Amino acid sequence: MNPTSHSESTDGGACAPGGTRVLLKLGTRPEPYQPFVRERLETDAKEIIARYPHPRSALLPLLHLVQSEEGYVTGTGIEFCAEQLGLTGAEVTAVATFYSMFRRTPTGDYHVGVCTNTLCAVMGGDAILATLEHHLGIGHGETTADGSITLEHVECNAACDFAPVVMVNWEFFDNQTPESARALVDALRAGQQVTPTRGAPLCTFKQTARILAGFPDERPGVLDGAAGSATLAGLRIAREQGMQAPAPQEDPEGPR
């Protein structure tokens, strides 16, 4: 009989061949929120959950809420969401890891996402990303030492008519170049107020997460930013050519 092996864990164990008992470390329970933080989050969570006929429908905004607390979705945040909605931690984790807007590692004040999908890449997105990586001295998913910027290449931002596009805290910066993107991150790191191509001046990543949780966005100009000429080009041509959408066909079986 081999001697029993030990570890620091008390999470359980199993017998390996030969009778050796191997204790498996399955992870530690996340640290709870401070009482005053939890009380504040619970108040906000109740307001969010009340908007939905079924509590579990509030999971996405609740994940944004806990992300607004620490800048990313922590194990503590996942446990909090699960408790509020009567879900398991696995169910919450599955959602948090599916959507790329939920960060699982600490994030800077400004999350800079460079679109490298097909059209943006062809128009210069890859060059923009390479320039920023070199200029900031960080790679994909990394944060600058001062905690100001997290850089990431992202998938399509649904703004292909303004390619190449950079998003900062999910706000659009259209028709970017390596030079303009470098000037953008320099302004952010210098603490200057920066306004995207469309919409209100930027706020921090945590503040953005709270807005996405469904709380008021009181920034001036938040509703500014009508569709640009590139977006409306198809509509303009259709009107010039007298084009119209075909009339809907009646379903012989009636409305469904």
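For clarity, every value in this text was computed on a predicted model and none was experimentally measured.

Chemist: Any chance you could break down the pairing of strand β4 (residues 149-154) for me, citing the residues and the numbers?
Modeler: Extensive coverage of β4 is indicated by the burial of five of its six residues. The pairing of strand β3 (residues 110-115) with β4 spans six bridges and is parallel. Its bridge partner being in β4, Y110 is matched across the sheet by I149.

Chemist: Can you break down the pairing of β3 residue by residue, with the values?
Modeler: In terms of residue burial, β3 counts as a mostly covered element, since six of its six residues are buried. Residues Y110, V112 and V114 point to one face of β3 and H111, G113 and C115 to the other, with burial holding for every one of them. Pairing analysis gives three bridges linking β3 to strand β5 (residues 166-168), with the strands arranged antiparallel. Opposite V112, over in β5, you have V168 as the bridge partner.

Chemist: Would you mind going over the nonpolar core in detail, with residue names and values included?
Modeler: Ranked by internal contacts, the top residues of the largest apolar core, which has 24 residues, are L62, L63, L65 and V92. Among the nonpolar cores identified, the runner-up in size contains 20 residues, and L129, L136, I149 and L188 belong to it.

Chemist: I'd like a rundown of the UniProt feature "binding site: [2Fe-2S] cluster" (unreviewed entry) in the protein, residues and numbers included.
Modeler: Under the present numbering, the feature "binding site: [2Fe-2S] cluster" (unreviewed entry) in UniProt falls on C115, C120, C156 and C160. A maximum C-alpha distance of 9.6 Å is found for the annotated residues, which run over 46 residues; spatially they form one tight group. Topologically, C115 is positioned in strand β3. Its relative accessible area of 2% is what places C115 among the buried residues. Setting aside residues up to four positions removed in sequence, C115 forms contacts with C120, G125, V154, E155, C156, N157 and V165. With respect to the helices and strands, C160 occurs in the loop between β4 and β5. You can call C160 partly exposed: its relative accessible area is 38%.

Chemist: Hey, could you go over the packing of helix α1 (residues 35-49) against helix α3 (residues 75-85) for me, with residue numbers and the actual values?
Modeler: Helix-helix packing: each pair is described by the crossing angle between the helix axes and the interaxial distance. Following both chains from N to C, one finds α1 and α3 inclined at 50°, their axes separated by 11 Å at the closest point. Accordingly, the angle class assigned to the pair α1 and α3 is oblique. In terms of crossing hand, the pair formed by α1 and α3 is right-handed. Between α1 and α3, the residues in contact are R38, L41, E42, A45 and I49 and F80, E83, Q84 and L85, respectively. Its residues assigned to classes, the contact of α1 with α3 comprises five nonpolar, one polar and three charged.

Chemist: Account for a nonpolar patch on the surface, naming residues and giving values.
Modeler: Together, L60, F98 and Y99 line one region of the surface with nonpolar side chains, adding up to about 320 Å² of accessible area. Within the secondary structure, L60 is located in helix α2 (residues 59-70). In this structure L60 comes out as partly exposed when scored by relative accessible area, which is 35%.

Conventions used here
Residues numbered from 1 in each chain as written. Predicted model: local features only at pLDDT ≥ 70, side-chain atom pairs only at ≥ 80, totals over all residues. Heavy atoms only, no water. Buried < 20%, exposed > 50% of the residue type's maximum accessible area, 1.4 Å probe, protein only. Helix = DSSP H or I, 4+ residues; strand = E, 2+ residues; numbered from the N terminus. Pairing = 2+ DSSP bridges. Core = buried A, V, L, I, M, F, W, Y, C linked by side-chain atoms within 4.5 Å. UniProt positions renumbered as here; feature names shortened; annotations may be inferred. Contact = heavy atoms within 4.5 Å. Axes fitted to C-alpha atoms, helices over the stretch in contact; angles between N-to-C directions. Parallel < 35°, antiparallel > 145°, perpendicular 65-115°, else oblique. Left-handed = near helix turned anticlockwise from the far one by under 90°. Nonpolar A, V, L, I, M, F, W, Y, C, P; charged D, E, K, R; others polar. Patch = residues over 30% accessible without salt bridge, like charges linked within 9 Å, V, L, I, M, F, W, Y side chains within 5 Å. Areas by Shrake-Rupley, 256 points an atom, 1.4 Å probe, with all protein chains shown as cover. Salt bridge = Lys/Arg side-chain N within 4 Å of Asp/Glu carboxyl O.

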